[in-house]
Amino acid sequence: MYGTFVEAPDVPAAFARRVIEAWRSRPHAYFSLVVSGGDLARRCYRRLAQDGRDEIDWSTVDIYWGDERLVPRRHPDSNEYLVREALINHVPPLRGVFPMRVESNAGSYDALVRSGAPFDLIHLGLGSDGHTASLFPGADALDVPITRYVVDTEDPGGANPHARRTLTFPGIALGELVVVTVDGEAKRDALQRVIDGDPTAPASRIRAPRVEWLVDDSAL
């Protein structure tokens, strides 16, 4: 496994603390946070809204998305919808909010990433198949030129519905700190594959200046 492994009995609480710490130690006036999707991410953002509402000056925060299902923004499967409902709607106004929109394209978000990088913190998860962001086993998006930061993709195995837009591994490497949150028995096999460096688990390929894995006991 690449990075630092942290056992966290309460992953959402640990995530919220880590974001608050990263904001406090930010090297510039503004702070860039790249968000994810999924049930654990929802719980992480609800906890961040609770713990960070008065600890963070949200007018200094820009939020970007690490991946998105290419569905309408109010669709229940939309990562934008998830993040707005769990976090953005519960904190003071942010400096900037930059969702991946179905009516746009990967090239325009790639340009946005180039203008916003490096990012202070990128949040990722781990799928039971070993994927992270929308980088699925066997997908063409796993192996793109290092100059491509955002691509459109899909799950070749068909287990994850909807076409996707995602940061590539070179895009993820633009994060000064990447925090990967993992919990639940369903993630145990995938996490072990990552720990073992199994290349068929895409998350084993996460690289950045700093990578931290926040993992609860049930996933071990």
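Our structure is the block above this text.
Residues numbered from 1 in each chain as written. Predicted model: local features only at pLDDT ≥ 70, side-chain atom pairs only at ≥ 80, totals over all residues. Heavy atoms only, no water.

**Student:** Give me the lowdown on a nonpolar patch on the surface, citing residues and values where you can.
**Tutor:** A surface patch of nonpolar side chains, amounting to about 290 Å² of accessible area, comprises Met1, Phe5, Ile195 and Leu220. Looking at where phenylalanine 5 falls in the secondary structure, it is placed in strand E1 (residues 4-7). For phenylalanine 5, a relative accessible area of 31% puts it in the partly exposed group. (Patch = residues over 30% accessible without salt bridge, like charges linked within 9 Å, V, L, I, M, F, W, Y side chains within 5 Å. Areas by Shrake-Rupley, 256 points an atom, 1.4 Å probe, with all protein chains shown as cover. Salt bridge = Lys/Arg side-chain N within 4 Å of Asp/Glu carboxyl O. Helix = DSSP H or I, 4+ residues; strand = E, 2+ residues; numbered from the N terminus. Buried < 20%, exposed > 50% of the residue type's maximum accessible area, 1.4 Å probe, protein only.)

**Student:** Go over the environment of glycine 3 with me, naming the residues and quoting the values.
**Tutor:** Relative to the helices and strands, glycine 3 is located in the segment before E1. For glycine 3, a relative accessible area of 42% corresponds to the partly exposed category. Remark: the alpha-carbon pair of glycine 3 and glutamate 212, spanning 209 residues in sequence, is separated by 5.6 Å.

**Student:** Pulling in residues and values, what's your account of the sheet that holds strand E3 (residues 61-65)?
**Tutor:** Backbone hydrogen bonds are what pair the strands of a sheet, in a parallel or an antiparallel way. Pairing within the open sheet is parallel, and its seven strands lie in the order E1-E10-E9-E6-E2-E3-E5. A strand with exactly one partner marks an edge of an open sheet, and here the two such strands are E1 and strand E5 (96-98). Recorded for the sheet is a direction-independent mean angle of 20° between the axes of neighbouring strands. Direction of pairing for strand E2 (residues 31-35) relative to E3: parallel, over a ladder of five bridges. Considered in E3, the bridge of leucine 33 is made with isoleucine 63. Taken strand by strand, helix H4 (residues 106-116) contacts E3 and E5, and its axis lies near 145° from that of E3. (Pairing = 2+ DSSP bridges. Axes fitted to C-alpha atoms, helices over the stretch in contact; angles between N-to-C directions. Contact = heavy atoms within 4.5 Å.)

**Student:** How would you explain helix H3 (residues 79-86) if you had to name every residue and give the values?
**Tutor:** Three or more residues of H3 are buried, namely Asn79, Glu80, Leu82, Val83 and Ala86. Take H3 and look down its axis: the buried residues cluster within an arc of 160°, on one side only. Taken together, the buried residues of H3 touch E2, helix H2 (39-52), E3 and strand E4 (67-69). (Arc of directions from axis to C-beta.)

**Student:** Explain the environment of lysine 187 to me, and be specific about the residues and the numbers.
**Tutor:** The residue lysine 187 is located in the loop between strand E9 (177-182) and helix H6 (188-195) in this model. Exposure remark for lysine 187: the relative accessible area of 22% places this residue in the partly exposed category. Residues lysine 187 and glycine 130, spaced 57 residues apart in sequence, show a C-alpha to C-alpha distance of 8.3 Å. Not counting chain neighbours up to four residues away, the residues in contact with lysine 187 comprise Leu126, Gly127, Ser128 and Val182.

**Student:** Could you give an account of H6, naming the residues involved and the relevant values?
**Tutor:** Residues of H6 that are buried include every one of Ala190, Leu191 and Val194, and no others. Summarising the axial view, the buried residues of H6 lie within an arc of 100°, below the 170-degree limit, and thus occupy one face. One or two positions beyond H6, positive phi appears at glycine 197, with a value near 75°.

**Student:** Let's hear about the pattern of salt bridges: which residues, and what values?
**Tutor:** Applying the stated criterion across every chain yields a total of 16 salt bridges. Across the pair arginine 18 and glutamate 212 runs a salt bridge, and its minimum N-O distance is 2.9 Å. One end of the pair, arginine 18, is in helix H1 (residues 11-24); the other, glutamate 212, is in strand E10 (residues 210-215), and 194 residues separate them in sequence. Here arginine 18 matches glutamate 212 in class, with each residue buried. With a closest N to O distance of 4.0 Å, arginine 42 and aspartate 39 form a salt bridge. With arginine 42 and aspartate 39 both in helix H2 and three residues apart, this pair spans about one turn of that helix. What emerges from the salt-bridge pattern is a single network uniting Asp39, Arg42, Arg43 and Asp183.

**Student:** A description of the sheet that holds strand E8 (residues 164-167) should follow, citing residues and the corresponding values.
**Tutor:** Strand order in this open sheet of three strands is E4-E8-E7, and the pairing throughout is antiparallel. Looking at which strands have only one partner, the edges of the open sheet turn out to be E4 and strand E7 (150-153). Each strand of the sheet is rotated relative to its neighbour by a mean of 15°, with strand direction disregarded. Relative to E8, E7 runs antiparallel, the two sharing four bridges. Looking across to E8, one finds that aspartate 152 is bridged to arginine 165.

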